[in-house]
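Residue-level structural notes
These are the residues of each chain, in order.
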Amino acid sequence: MSARLLFIDDEEGLLDLYERAFAREGFRVCRATTLDGGRALLEEGDIDLVVLDIRLAEGSGLTLLHEIKSRWPRLPVVLSTAFARYQDDFSSWLADAYVVKSSDLGELKQTVRACLERAR
Amino acid sequence: MTREQRWRVCRTQPRRGGNGGRRRRNGAQAPAPAQVVAAVRRVSHALETVLNPETAAWATLVGLTAGEGLRFNRAFLLRLHGERLEGWFGVGPRTREEGAALWHDLRQNGIDPLAGIDHPDAAVIQAEQQRHAPLLAALSCPLEDASCKWQRPLIVRRGHPVACVRHWLAVLGSDNLAVIPIVGAGQLWGVVLADNFINHRPIPPTILEAAATMAHALRAAVERIELLTRLSEEERRRITAEHAAAMLEAARTLAHDLKNPLALAGGLASELAQAVGEGQDDLARTLRAIGAAIRNAESRLEELVASLARGATGTSLTAVDVGEAVARVVAAFEPLAARRGVRLEFQGPEAPLIAAAVPSYLDRCLENLVGNALEALEAAHVSGGCVQVAVESSGDLVAVVVADNGPPLPMTMRMDPFSGGVSTRESGAGLGLASVQRLVHAMQGRVEYDDSLPGWVRFSILLRRWV
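The structure contained in this document is the topic of the report that follows. (Residues numbered from 1 in each chain as written. Chains lettered and ligands numbered in written order. Predicted model: local features only at pLDDT ≥ 70, side-chain atom pairs only at ≥ 80, totals over all residues.)

Quick word on the overall build of chain A
- Secondary structure assignment for chain A yields four helices and seven strands.
- If you list the helices and strands of chain A from N to C, you get β-α-β-α-β-β-β-α-β-β-α.
- By the burial criterion, 42% of the 120 residues in chain A qualify as buried.
- Long-range contacts, defined here as pairs at least 24 residues apart, represent 58% of the contacts in chain A between residues at least 6 apart. (Helix = DSSP H or I, 4+ residues; strand = E, 2+ residues; numbered from the N terminus. Buried ≥ 20, exposed ≤ 12 C-beta atoms within 10 Å, placed from the backbone. Contact = placed C-beta atoms within 7 Å.)

A word on the overall build of chain B
- A tally of helices and strands in chain B yields 15 helices and 13 strands.
- Looking at chain B as a whole, 39% of its 467 residues qualify as buried.
- Sequence-distant contacts, at least 24 apart, represent 71% of the contacts inside chain B between residues at least 6 apart.

Focus: the interface of chain A and chain B
- Contact with chain A, which involves 19 residues of that partner, is made by 24 residues of chain B.
- Per-element accounting of the side of chain A that touches chain B gives the leading share, five residues, to helix H1 (residues 12-24) of chain A.
- Among the residues making up the side of chain A that touches chain B, the classes are represented as eight nonpolar, three polar and eight charged. (Nonpolar A, V, L, I, M, F, W, Y, C, P; charged D, E, K, R; others polar.)

Some remarks on the environment of Leu268 of chain B
Residue and element names in this part refer to chain B.
- Within the secondary structure layout, Leu268 lies in helix H10 (residues 205-275).
- Looking at Leu268, the number of C-beta atoms within 10 Å reads 21, which means it is buried.
- Remark: the alpha-carbon pair of Leu268 and Gly291, spanning 23 residues in sequence, is separated by 8.2 Å.

Digging into the pairing of strand S12 (residues 446-450) of chain B
- Where S12 of chain B and strand S13 (residues 457-464) of chain B come together, five bridges link them in antiparallel fashion. When the bridges of S13 of chain B are listed, Arg446 of chain B appears paired with Leu462 of chain B. (Pairing = 2+ DSSP bridges.)

Side note on the sheet that holds strand S8 (residues 343-347) of chain B
Residue and element names in this part refer to chain B.
- Judged by pairing direction, the sheet is mixed, and its five strands sit side by side in the order S8-S10-S11-S13-S12 without closing on themselves. What marks the edges here is a single partner per strand, and that holds for S8 and S12. Between one strand and the next, the sheet's axes are offset by a mean angle of 15°, whatever the strand orientation.
- Seen against the sheet, helix H13 (residues 359-379) touches strand S10 (386-394), strand S11 (397-404) and S13 and runs at an angle of roughly 20° to S11. (Axes fitted to C-alpha atoms, helices over the stretch in contact; angles between N-to-C directions.)

In structure tokens, the structure reads:
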């Protein structure tokens, strides 16, 4: 069965784009626009990788990153953000990978595949 | 240098020319008590408003040497630096001939050097310092145990048992030298040396006491100036740090607000270009062109954001021994805490904890937190007030905890104590905690507030360990 990816971002348009692009690559995609929505989907289980935005309207994605790594330490998390300097923030170092948002989804796709490979 | 400035360089008023000039009746006498008092007042008054240590030193030595002052032929100031007394400033002629010529000019042109101390001329002061530089360097010497014990001014002569005194007498070619120790907080701060090497006038005890009064006014002025300078520098650093933090936030916002829509538009254009069917080459080409243009805009934006962020982090983090830094700040607050009847306790780490920080930012944060704690205890009239400061390891972080047993923050502050604008003090603007947060963020750390332990308020600064 193909891997199931959870995208958490407060930009609906970007979630549409991710869904379209990754579904075409053969992944199963689920999405949340809020931290709570993401938590609910994680509780349901069957998530193989999370792509998480840092700066959400309601708060920081780094909070959820810490929660995920406390409860599901083996679940890969890819941080996806518009601001490259978050890589300097030690709070982001828990993530398995870090991708700067771009209209070219090539790097994100490559990173997701590499993280899934490592997690197997 | 102008002719008048040249005259003003020499502040001494020798009473006897080196070329056989007649002894002047007034000059041979020590200044009258009223003149001594007036001179001390004048110098003290001038020192109250001086904002530069060199100007303060110059004004004091002018007071010691001017004809309307204490009438020493020349005077020098040595300041303690580590284990050495270093020559710092000198006023007066270097030779009898120079003294005679300059004194003649002063008399001819009716110049009162003492009047000049209210309007210091930076060029004159600098010239005077340079003129005496070789002699000041020669006067510098190591500190001795005997000189550490000096409390009162004294007159020294050849054959003195203390080596540095013999050294000064030799360097100055003096046979009767006034040594005025300047003592602050029980420790030697500096020494003034003065003599009458031209007219050999005796130095009465009243003049010696007046000279000591001037010298101590100088120490107070220099310490005030240095404190103000340090505070101004701290303030400048704080403003720079806050400006940097604001720029970083601007970069973040710019990146978020512009990159997201660009990524979406460009991504969709690329997706559509791949999805269009055969026979729609023109459309596919157009979509790819749109995608390329958007990627170009993205890289330009990336450069702009990176440049803003670089500007924001002009200060780089260094390895800081947090226990040592905190101990130093706590020690500085101990006298204030004792005066307010507050117990200030410090619990250092068992082994050194090294964090990535900016030393001056960390100092400023601690000063704000400890200062706030003391203020809060005093404002609430807490008896048995206690401030506990601890440095401890917290996983990958180093935590500095400042806790006090004062009242918790007002309800209005508890939701976000670091937002600024609300203060526990009547006169406060509430910007102290906001400043702490900005500085800690600039060090890529975080600060937390906790009042869950009954009776205690805790602030924790969490910094990344230095790797």
